[in-house]
Amino acid sequence: MARVVTVNDVLDGHVKLDIECLDRIYLNAYVPILQTSSQVVAFLSGHLGFPFPSPVLFKQLGDRFRKAVAVFAADNGLPWVKFAKDESKLEAMQPHLARQAATGRSGVAAIGVAQEFQRVWTAHEGKTSTGTPRWSFVKADRRVTCYYFYLWDENFGPGFIKVCAYFPYPAKVWINGHEWVKCQAAKAGLAFAELSNGFAACADPAALQEICDRLGPGTINVFVQRWLARLPLPFGDKERDAGYWWETSMRQIEISRTIVFDAPRHARGFFEALIADNLDIGRPHNVEIIFGRRVRRDTAGTFRTAIDRRDNGGVIVNVFYKHSRIKQYLKDGRAMRIETVVNAPRDLGCNARLPNLPELQAKARAANRRILEVERAGQGCVLASPVFERIAHPTVDTAGRRTPALRFGDPRVMALVGALCQMLLAATGFTNKNLRVLMTGLLGRTAYSTGQMTYDLRRLRLNGLIRRLPRSNRYVLTDEGIRIAVFYTKIYNRLLVPLTAADQPQAPPELRAALKTITRHVDDYAARARLPRAS
């Protein structure tokens, strides 16, 4: 019989390179003191000196900006590309980026133009009690012109800065962390082989990881401000000196972990095992474990697993959490890529401004690590484990203390391990109260008291499945606790529950026939032993 390949089989001894890195970085750029109507009035009247803050001034400023962009393109001989609807902007700009990259010098490769909806300031006219015109400024979504400055930077590689041509001129910045690392590794003389948007091999993996860890908000902000100073913009030095300048916040951040295997067959084996065993990993209780965030009944958002197939035959496993998700897929047929894609930093309990990137990256890397730990724990449990033998029966230690058993199948024990699965890798641990709330919900109508929770915590601790954090009333699971919690829950949900329904019409015919054979043999054995049937 062929042996089933598990995730652990592939990961143990077949990993050639394991690198964590910021991937795609997409930032909002905005002027902080132009976000309220009173700030708009202060800019138009106080800064520009106009006696009446009229929206006509928006058009004057916008026209001046459009003219400056046209002059910049003409003076530098830059291609002017008008994007069609649904056109891939990166594909259209790729030849221009390649040409600029070939020069080895930082520069704008081309300017793209598109009509897009943006959140901008508009105005409504009214009159005061004396009949004087008065304008009320409000934000609204309007279809306006946007300029895409596609550039190649000697430190960051390709990227773009998009600037809206209408007040207050919101902007977007896109760069790629892997490209920055490639540029720095090449400058440092570090030998590496490229993977598409990543690394396939490196002579010094530790040095490569150290470079990846150096990319932070300071380096990114230097890039942003350097290019804002070089591009034609609606605001000049006068506005900058007065505080009317762009700051950045995180719009979409991708934090990746790339595990390169020593042979493509191991990569394929990993993903086949992964998909077969983790179709339910996007359920709320698993998502709670992976992201380290509480998911309650009233928590808004999407929590599910989606398996998407690409045109090239590849498969992507998506685990959704609120506005964000984790993607897992094969990279170039030889590596496994895990990406936490954060579309709203508050999903992970972080603020959105760029200085909070290190905190967001640490939490996303932890999510990448936890999803792999959950997958490994799910396939690292063995029925004959000494731990299972120990906890399934009462024991007495050398001091004479009796440790109660955690019997598999007991409703209270199964609820307990199910609750532990929901607290599995909570970074700050869990309390008596946290676990008791989950137990009450899992047991349904059965009452569950504080005393029962204390008793259960004690037997978990004596069995070595949890440990108490120093100087606190919080607990965390041990490695054995993780394995047992996942093992008990998985065996119950995936084996026993389906088997108890195996006599139903929807069960496979082979399974129903096998169970009938077992039942007949048991009945024959009982008849020979003269054991009466229960009434």
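Draft legend 1. The overall build of the chain, seen in detail. Summing up its helical and strand segments, the chain has 17 helices and 17 strands in all. A buried classification covers 47% of the 535 residues belonging to the chain. Considering only contacts in the chain between residues 6 or more positions apart, those separated by 24 or more positions represent 65%. Counting every atom, the chain has about 27,100 Å² of accessible surface; 53% of that belongs to carbon and sulfur.

Draft legend 2. Broad picture of the pattern of salt bridges. Inspection of the entire model under this criterion finds 20 salt bridges. One network of salt bridges, with partners in common, ties together D23, R24, E254, K327, R337 and E339.

Draft legend 3. Region of interest: the confidence of the model for the chain. Residues at a pLDDT of 70 or more form 75% of the chain, whose mean pLDDT is 81. Here helix 10 (residues 284–291) stands out as the least confident element of the chain, with mean pLDDT 41; strand 6 (residues 171–176) is the most confident, with 97. In this model residues 280–293 is a low-confidence stretch, pLDDT under 50, and it forms 53 contacts with partners more than four residues away in sequence or in other chains.

Draft legend 4. Summary view of the pairing of strand 3 (residues 107–127). Two strands pair when backbone bridges link them, and strand 2 (residues 80–82) and strand 3 are joined in this way by three bridges, in the parallel orientation. Within strand 3, the position partnered with V81 by the bridge is G112. Relative to strand 4 (residues 133–153), strand 3 is paired through 20 bridges, and the arrangement is antiparallel. Paired with Q118 across the bridge in strand 4 is R142.

Draft legend 5. Looking closely at the pairing of strand 4. As defined by bridge partners, strand 4 adjoins strand 5 (residues 157–164) across eight bridges and the pair is classed as antiparallel. When the bridges of strand 5 are listed, Y147 appears paired with V163. The antiparallel hairpin formed by strand 4 and strand 5 contains three residues in its connecting segment.

Draft legend 6. Summary view of helix 4 (residues 89–103). If you check helix 4, its first and last C-alpha atoms are 22 Å apart, about what 15 residues at 1.5 Å a residue would give, namely 21 Å. At P95, helix 4 shows its maximal kink, close to 40°. Of the surrounding secondary structure, the elements contacted by the buried residues of helix 4 are strand 2, strand 3, strand 4 and strand 5. One or two residues past the end of helix 4 sits G104, with phi positive at roughly 75°.

Draft legend 7. Summary view of the state of the cysteines. Tallying each qualifying case throughout the model produces zero disulfides. Unpaired in this structure, C202 has its nearest cysteine sulfur neighbour in C212, at a distance of 9.0 Å. Taking the relative accessible area as the measure of exposure, C202 reaches 15% and is therefore buried. Between C212, a free cysteine, and C21, which holds the nearest cysteine sulfur, the sulfur-to-sulfur gap is 3.8 Å.

Draft legend 8. Seen up close, the side chain of Q225. Among the structural elements, Q225 can be located in helix 7 (residues 217–230). Looking at Q225, its side chain comes within polar contact range of the side chain of W245, at 2.9 Å. Setting aside residues up to four positions removed in sequence, Q225 forms contacts with R240, W245 and W246.

Draft legend 9. Molecular detail of the packing of aromatic side chains. What the rule picks out here adds up to 24 aromatic pairs. The ring centre of F83 lies 5.4 Å from the NZ or CZ of K89, which sits over that ring.

Draft legend 10. Quick look at the nonpolar core. Ranked by internal contacts, the top residues of the largest apolar core, which has 72 residues, are L27, I111, F167, I220, F235, W246 and I253. Residues contacting I220, with those up to four places away along its chain left out, are I25, L27, F156, I175, L215, L354 and L357. Ranked by size, the runner-up nonpolar core spans 29 residues in total, among them L406, V413, M453 and L457.

Draft legend 11. Spatial organisation of helix 2 (residues 37–47). Looking at helix 2, one finds that the buried residues are V40, F43, L44 and H47. For helix 2, the angular spread of the buried residues around the axis is 120°, confining them to a single face. Considering only its buried residues, helix 2 is in contact with helix 3 (56–76), strand 3, strand 4 and helix 8 (237–241). Positive phi shows up at G49, right after helix 2, with a value of about 85°.

Draft legend 12. Spotlight on unusual backbone geometry. Residue P168 follows F167 across a cis peptide bond; omega there is 10°. Note that P168 resides in the loop between strand 5 and strand 6. The backbone of Y169 shows a phi angle near 60°, a positive value even though the residue is not glycine. Within the secondary structure, Y169 sits in the loop between strand 5 and strand 6. A positive phi is found at N197, a non-glycine position, where the angle reads about 55°. For N197, the location among the structural elements is in the loop between strand 7 (192–195) and strand 8 (198–202).

Draft legend 13. Representation of the packing of helix 5 (residues 177–187) against helix 6 (residues 205–214) within the structure. Close contact between helix 5 and helix 6 brings their axes to 10 Å; oriented N to C, the two are set at 125°. Between helix 5 and helix 6, the interaxial angle falls into the category oblique. In this structure, helix 5 crosses over helix 6, and the sense of that crossing is right-handed. On helix 6, the residues that touch W180, V181, Q184 and A185 of helix 5 are L208, I211, C212 and R214. By residue class, the composition of the contact of helix 5 with helix 6 is six nonpolar, one polar and one charged.

Draft legend 14. Spatial organisation of the side chain of Q100. Checked against the element boundaries, Q100 lands in helix 4. Sequence-distant contacts of Q100, defined by excluding residues within four places in its chain, comprise R105, S106, G107, V108, A109 and W152.

Thresholds, definitions, all that
- Residues numbered from 1 in each chain as written.
- Predicted model: local features only at pLDDT ≥ 70, side-chain atom pairs only at ≥ 80, totals over all residues.
- Heavy atoms only, no water.
- Helix = DSSP H or I, 4+ residues; strand = E, 2+ residues; numbered from the N terminus.
- Buried < 20%, exposed > 50% of the residue type's maximum accessible area, 1.4 Å probe, protein only.
- Contact = heavy atoms within 4.5 Å.
- Areas by Shrake-Rupley, 256 points an atom, 1.4 Å probe, with all protein chains shown as cover.
- Salt bridge = Lys/Arg side-chain N within 4 Å of Asp/Glu carboxyl O.
- pLDDT = per-residue confidence, 0-100.
- Pairing = 2+ DSSP bridges.
- Expected span 1.5 Å × (residues − 1).
- Bend = angle between axes of the 7 residues up to and from the residue.
- Disulfide = S-S within 2.5 Å.
- Polar contact = N/O pair within 3.5 Å; in protein donor to acceptor, adjacent residues only side chain to side chain.
- Phe/Tyr/Trp six-rings, centres within 6.5 Å; stacked < 30°, edge-to-face > 60°.
- Lys NZ or Arg CZ within 6 Å of the ring centre and 35° of its normal.
- Core = buried A, V, L, I, M, F, W, Y, C linked by side-chain atoms within 4.5 Å.
- Arc of directions from axis to C-beta.
- Axes fitted to C-alpha atoms, helices over the stretch in contact; angles between N-to-C directions.
- Parallel < 35°, antiparallel > 145°, perpendicular 65-115°, else oblique.
- Left-handed = near helix turned anticlockwise from the far one by under 90°.
- Nonpolar A, V, L, I, M, F, W, Y, C, P; charged D, E, K, R; others polar.

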